[in-house]
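Spelled out from the first residue to the last, the chains are:
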Amino acid sequence: METATSDGMSPFWNVVALWVAYACSLALSTTMANTAPNVAKEVCHTSDYLATFTVGMVLAGAALVSPFTAYFISALGRRKAFIYAGIFNLVSSGVTGITAIFYENIYALFACCFLVGAQQGIAQFYRFSVVEVCGSYPKSVVISIVISGGMAAGLIGPQGSRGTVELAHPDYSATMYMMAGLSLVNLFAISLVAFPDKRPAVEEPEATKPKRKSLASLLSQPDIALAIIIATLAHSAMLTLMSTVTLAIQDSDVDSGPAYTFDASSNVLTCHYLGMFAPGLFSGFIIQRIGPYFSTLFGTVLFGGATAVLWTSTELWSFYVGMTAVGIAWNFCFSSATVLLTQSYKPEDAMVLQGANDLILFGVAGICSFSAGFIYAKIGWLVVVMFAIGVCGAELVILGAFRYIRNRKQSALEEALLADSEQP
C-alpha cells in the first residue's frame, strides 16, 4: 500500500493528477493542430503553405521554451513553475486566439499557436516529473501512463473543435473558449500534485554538492545520445505527416485523389491520437519486459508499415489505417526513448538534460513540420510521405549501428575478462 505524502496525496493520485494535467495541456495542441490550418485558410484567408505554418509555430514554441523551463523549474521548483507558466499561457494565448478570430489576423493566430506550443513544451516535463512522485511504481509504467493522457486529448481536440466550430459567432470563437476551459482544468490538476521540495532548509556546502556533468559530456554518452536521437526522429516523422494530413484529406486536388470534409479529417486525427496515446496503458509493461531497444525497434518497423499504407492510396481508409498505425509506432518509440533517457542520468543532471532533450526534439520536429508544409504546397502529399519514410529509414540505420557498436564492445570486454582469467 502506498504511503500518502505530507500533503495527503498518495503516489497513485499524483500520477492521476499528472495524467489529467498532461491530457488537458496536450488537448490544447491537438485542438490547434486540427483547427489552426483551417482557421488560417477560412478566417485569415491564407495559402496552404502558410496554413501549415500554424502547426510549425506550435512546435517552435515548444522548442524554444524547453531550455528556459529547465532553469525556471530549478529556480522555483516544479509546482510553482508549472502553475505560473499555466497562468501566463491561459491569459496570453486566450488574448491572441480571440484576436485572430475576431480580427482575422494571421499574425495573432501564429502567436496563439506559438504560445500553445510553449505550454506543450512545459507540459512535456510532466513525464519526467512523475518519476519523482510515483513512489515505488516502476518508472517505465508511470511514464507510459502519463503519456497515455494524450488519449483523452485525442478525443477532446478533434471532436471538441469539430463540435464548436459554429457554436458561437464568429466561427471558431467557441473553440478558443473551450481551450480556455482546458487551461483552467490543467491548472487545477497540476496544483494537486505533491511535488517534493528539493531545496534544503540549510544550504549545502559547495564542496559536498554532487558535481554536475557538462552538457557536452552528457550528450556524448551512448544511451543518452540514442534516446534523444530516437525520440527526435520519431517525433519528426510523425509530425511531418500530422501537420499536413488535415489539408491532404480535405483538398480536392491531392494527387488526383478524392476530397473529404472537415468531419472526416477530425475523425482521422482522433484515431491517430488514440493510436499515439492509448498504447500507453500497456506499453510501459512491454518496455519493462523486453527493454527500450527492442520496443523502439518494434515501433520503427511498424512506422515503416504505416507509411507504406499511406503511400498506397489517398482514399479515406488509408488515412485511417496509416495515421492510426503511425500513432502506435510513435508511442513505442517515444516512450522507450523517454524511459532510456531517465535511466541514463543522475538527479543533479536532470534539469539541463531534460531541457536540452526537448529543445532538440521540438526544434528538429519544427523544422520538419515547416519543410513538410513547403513540400506539400509545392509538390504534393505523396512526397511528404516519402520524406517520412526517409526519416524512418534513418532511425533503423541508427538503431542497427548502436546495436552493432554495443555488441562489439561487449564482446571485447568478455574477451578481455577471459584472457585475464586464463593468466597464471
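What counts, and where the lines are drawn
Residues numbered from 1 in each chain as written. Predicted model: local features only at pLDDT ≥ 70, side-chain atom pairs only at ≥ 80, totals over all residues. Heavy atoms only, no water. Axes fitted to C-alpha atoms, helices over the stretch in contact; angles between N-to-C directions. Helix = DSSP H or I, 4+ residues; strand = E, 2+ residues; numbered from the N terminus. Parallel < 35°, antiparallel > 145°, perpendicular 65-115°, else oblique. Contact = heavy atoms within 4.5 Å. Nonpolar A, V, L, I, M, F, W, Y, C, P; charged D, E, K, R; others polar. Expected span 1.5 Å × (residues − 1). Bend = angle between axes of the 7 residues up to and from the residue. Core = buried A, V, L, I, M, F, W, Y, C linked by side-chain atoms within 4.5 Å. Buried < 20%, exposed > 50% of the residue type's maximum accessible area, 1.4 Å probe, protein only. Polar contact = N/O pair within 3.5 Å; in protein donor to acceptor, adjacent residues only side chain to side chain. 1 Å grid on protein atoms, 1.4 Å probe; cavity = no way out; pocket = protein on both sides within 12 Å on 5 of 7 lines; lining within 4 Å. Points joined across faces, edges and corners; volume = space filled by probe spheres on them.

1. Re the packing of helix α1 (residues 11-42) against helix α5 (residues 126-133)
At their nearest, the axes of α1 and α5 sit 9 Å apart, and the two run at 170° to each other. Accordingly, the angle class assigned to the pair α1 and α5 is roughly antiparallel. Across from P11, N14, V15, L18, A21 and Y22 in α1, the residues of α5 making contact are Y126, S129, V130 and V133. The residue makeup of the contact of α1 with α5, split by class, is eight nonpolar, two polar and no charged.

2. Quick word on helix α2 (residues 48-76)
Each turn of an α-helix holds 3.6 residues, which means side chains three or four residues apart point in the same direction. The terminal C-alpha atoms of α2 lie 42 Å apart, and with 29 residues this matches the ideal 42 Å at 1.5 Å per residue to within 8%. Of all the bends in α2, the greatest reaches close to 40° and is centred on S66; the proline P67 follows between one and four positions later. Looking at the residues trailing α2, positive phi occurs at G77, about 90°.

3. Some details on the nonpolar core
If you look at the biggest cluster of nonpolar residues, it comprises 121 residues, and the most contacted ones within it are L18, M32, L109, I190, L241, F277 and W381. Broken down by element, the residue count for this core peaks at 17 residues, all from helix α10 (residues 222-250). Residues within four places of F277 in sequence aside, it is in contact with Y22, L26, I147, S148, G150, M151, W330 and N331.

4. Description of the side chain of D358
With respect to the helices, strands and loops of the structure, D358 is situated in helix α15 (residues 350-378). A residue is classified by how much of its surface remains accessible, and D358, at 0% relative accessible area, is buried. Polar contacts involving the side chain of D358 include one to the side chain of N357, which spans 2.9 Å. Among residues more than four places away in sequence, those in contact with D358 are A63, S66, G121, Q124, F125, R127, F128 and G363.

5. Some details on empty space enclosed by the protein
Tallying each qualifying case throughout the model produces three cavities of 30 Å³ or more. Counted as a void, the largest cavity has a volume near 200 Å³. Taken together, 19 residues line the largest cavity, and the ones lying closest to its centre are L26, S29, Q120, L239 and M242. Looking at the lining of the largest cavity, the elements with two or more residues in it are α1, α2, α10, α11 (262-277) and α14 (316-342). Ranked by residue count, the leading element in the lining of the largest cavity is α1, at five residues. For the lining of the largest cavity, the residue count by class is 14 nonpolar, five polar and no charged. One number sums up the size of the second largest cavity: a volume of about 80 Å³. Forming the walls of the second largest cavity are L28, N89, L90, S93, G94, C112, V116, M176, M179, A180 and S183. If you list the elements that add at least two residues to the lining of the second largest cavity, you get α3 (78-103), α4 (106-123) and α8 (173-192). Residues belonging to the lining of the second largest cavity are distributed by class as follows: seven nonpolar, four polar and no charged.

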